[in-house]
Amino acid sequence: MATLKEISAELGLSVTTVSRALNGFPEVKEHTRVKVRETAERMGYRPNRIAQRLVTGRSGMVGMIVKIKPDMSADQTFFEMLTGLTAALASRDTDLVLAVDQDSDPVTPYKKLLERDILDGFILNAPIVDDPRVTFLQDHGVPFVMHGQDRPDPTYPSFGIDNAQVSAQSVKLLANLGHKRIALINDELRHAYASERRSGFHAAMEQRGLSTDYVQNSATLESHGYMHALDMLSGSAPPTAFICASTVVAAGVMKAVHDRGLRVPDDISVMAHDDALPLTRAINFDPALTVTRAPLRDACSPLANILLDHLDGKPARELQVFQDIETIVRGSTGPAPKEV
């Protein structure tokens, strides 16, 4: 493994210039910085984290704290996201420090890691409304990026999707097919994305003069989708279309439609938001599921780069990015059935 002295000898530069080039100091010219980094990579140089921190004030490590479910499982995308974030950070000479949150207070794990004084910042996921982690980290001047947003008009770096538009696009598609009784089977409202989707649903429905009576806000599992849909379909004026929080919930809804002796999409249209979960692929539904789609794995590189750009001094307001939402129409949606 090469040293700074060996790289400087190879290039005919001072050790100080090589160190500053590798640590991103702005006074080093871009062509020199590129040449130094290419040579360092070719010679197998790896930075000494302790020495690097003395020079830059940064450790080259960022943290992510993951909430594990009571049964000690993580969600379907956990390992995919972890791999993607690690690779994206490594491409910019940064390591990911992972910790598990099993505390009732969401702020406690952050306090514990900050006491060790080893991290440059955090990647936050799964925001709740008015997330206390945001207040804590901002009060302590700790940089972070949020996957999603916990409030309107946030003042921190973030990357996510416009969840109000997820609902708005879904309502538009179904309303254009003639559906008037549209149901929303949503996640718990403590989750910021679910609160945004409910707001978007209400606004889109009210804009068209349609009723918002068919809403449930507590669905995370297939069984929840099944029970809520079965209950709604048992009414005197059941919905003719369902918008589901996820493909997992949609699977339960489609089972309920089948058990009521109805057909998708002839009698009931079903669509969902698709995070591209590896075990619940929308294309494999029967019929294939219409979705709004934004794969969670696509967030890895942007989250890593936004945080590192923020650490390099880029203002938070310039680091708030919305990912585009794709609408994919498949066989699970069709024209509203004619009223008898």
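Conventions adopted
- Residues numbered from 1 in each chain as written.
- Predicted model: local features only at pLDDT ≥ 70, side-chain atom pairs only at ≥ 80, totals over all residues.
- Heavy atoms only, no water.
- Pairing = 2+ DSSP bridges.
- Helix = DSSP H or I, 4+ residues; strand = E, 2+ residues; numbered from the N terminus.
- Contact = heavy atoms within 4.5 Å.
- Axes fitted to C-alpha atoms, helices over the stretch in contact; angles between N-to-C directions.
- Parallel < 35°, antiparallel > 145°, perpendicular 65-115°, else oblique.
- Core = buried A, V, L, I, M, F, W, Y, C linked by side-chain atoms within 4.5 Å.
- Buried < 20%, exposed > 50% of the residue type's maximum accessible area, 1.4 Å probe, protein only.
- Domains from an automatic or database assignment.
- Buried area = accessible area lost by both parts, 1.4 Å probe.
- Salt bridge = Lys/Arg side-chain N within 4 Å of Asp/Glu carboxyl O.
- Polar contact = N/O pair within 3.5 Å; in protein donor to acceptor, adjacent residues only side chain to side chain.
- Nonpolar A, V, L, I, M, F, W, Y, C, P; charged D, E, K, R; others polar.
- Right-handed = clockwise from strand over helix to strand, strands pointing away.

Description of the sheet that holds strand 8 (residues 241-244)
If you walk across this open sheet you meet the six strands as 7-6-8-9-10-12, and the pairing is mixed. The open sheet is flanked by strand 7 (215-216) and strand 12 (326-328), the only strands paired with a single partner. For strand 9 (residues 269-274) and strand 10 (residues 290-293), the ladder comprises four bridges, and the chain directions are parallel. Each bridged residue has a counterpart across the sheet, and for H273 the counterpart in strand 10 is T292. The strands touched by helix 9 (residues 192-207) are strand 6 (182-185), strand 7, strand 8 and strand 9; relative to strand 6, the strand with the most contacts, the crossing angle is about 170 degrees.

Points about the packing of helix 2 (residues 15-22) against helix 3 (residues 30-42)
Contact pair helix 2 / helix 3: the axes reach a minimum separation of 9 Å and the direction vectors enclose 90 degrees. Relative to helix 3, helix 2 is oriented roughly perpendicular. In this structure, helix 2 contributes T17, V18, A21 and L22 to the contact, and helix 3 contributes T32, R33, V36, R37 and A40.

Quick notes on the nonpolar core
Among the nonpolar cores identified, the biggest contains 25 residues, and I185, F242, C244, A250, V253, V270 and L289 are the most heavily contacted of them. Of all hydrophobic cores here, the second largest spans 21 residues; its members include M64, I123, C300 and L303.

Notes on the side chain of T32
Considering the arrangement of structural elements, one finds T32 in helix 3. Here T32 is in contact with L13 and T17, once residues within four sequence places are set aside.

Thoughts on the domain arrangement of the protein chain
Looking at the protein chain, the domain boundaries give domain 1 (4-47), domain 2 (61-161 + 297-323) and domain 3 (163-294). The distance between the C-alpha centroids of domain 2 and domain 3 comes to 29 Å. Facing eleven residues of domain 2, the contacting portion of domain 3 comprises 18 residues. Around 1,000 Å² of area is buried between domain 2 and domain 3 when both sides are counted, 52% of it from carbon and sulfur atoms. Where domain 2 packs against domain 3, one counts zero salt bridges. Across the domain 2-domain 3 interface, the total number found is three residue pairs in polar contact (both at pLDDT 80 or more). Tallied by class, residues from the side of domain 2 that touches domain 3 come to four nonpolar, four polar and three charged.

Here's the deal with the pattern of salt bridges
Applying the stated criterion across every chain, the model contains eleven salt bridges. With its nearest N and O atoms 2.9 Å apart, the salt bridge here joins D153 to R317. Remark: R317 occurs in the loop between helix 12 (300-311) and strand 11 (320-322) and D153 occurs in the loop between strand 4 (144-147) and strand 5 (158-160); sequence separation between them is 164 residues. Since its relative accessible area comes to 57%, D153 is described here as exposed.

A closer look at the pairing of strand 6
The two faces of strand 6 match: I182 and L184 on one face and A183 and I185 on the other face are all buried. Note that strand 6 and strand 8 share four bridges and pair parallel. When the sheet's bridge partners are listed, I182 is paired in strand 8 with A241. Across two bridges, the pairing between strand 6 and strand 7 is parallel. Counted as the bridge partner of L184 is V215 from strand 7. With respect to chirality, the unit in which strand 6 leads through helix 9 into the neighbouring parallel strand 7 is right-handed.

A short note on the environment of D286
In this structure, D286 sits in the loop between strand 9 and strand 10. Of the residues examined, D286 reaches a relative accessible area of 74% and is grouped as exposed. For the pair D286 and P337, spaced 51 residues apart in sequence, the C-alpha separation works out to 19 Å.

Regarding the environment of A294
The residue A294 is located in the loop between strand 10 and helix 12 in this model. Once the C-alpha coordinates of A294 and Q323 are considered, the two residues, 29 residues apart in sequence, prove to be 7.4 Å apart. If near-sequence neighbours (up to four positions away) are discounted, A294 is found in contact with I161, H273, D274, D275, Q323 and D324.

Remarks on the side chain of S170
With respect to the helices and strands, the residue S170 is situated in helix 8 (residues 163-176). Of the polar contacts made by the side chain of S170, one reaches the backbone oxygen of V166; its length is 2.8 Å. Residues within four places of S170 in sequence aside, it is in contact with I243, M271 and T292.

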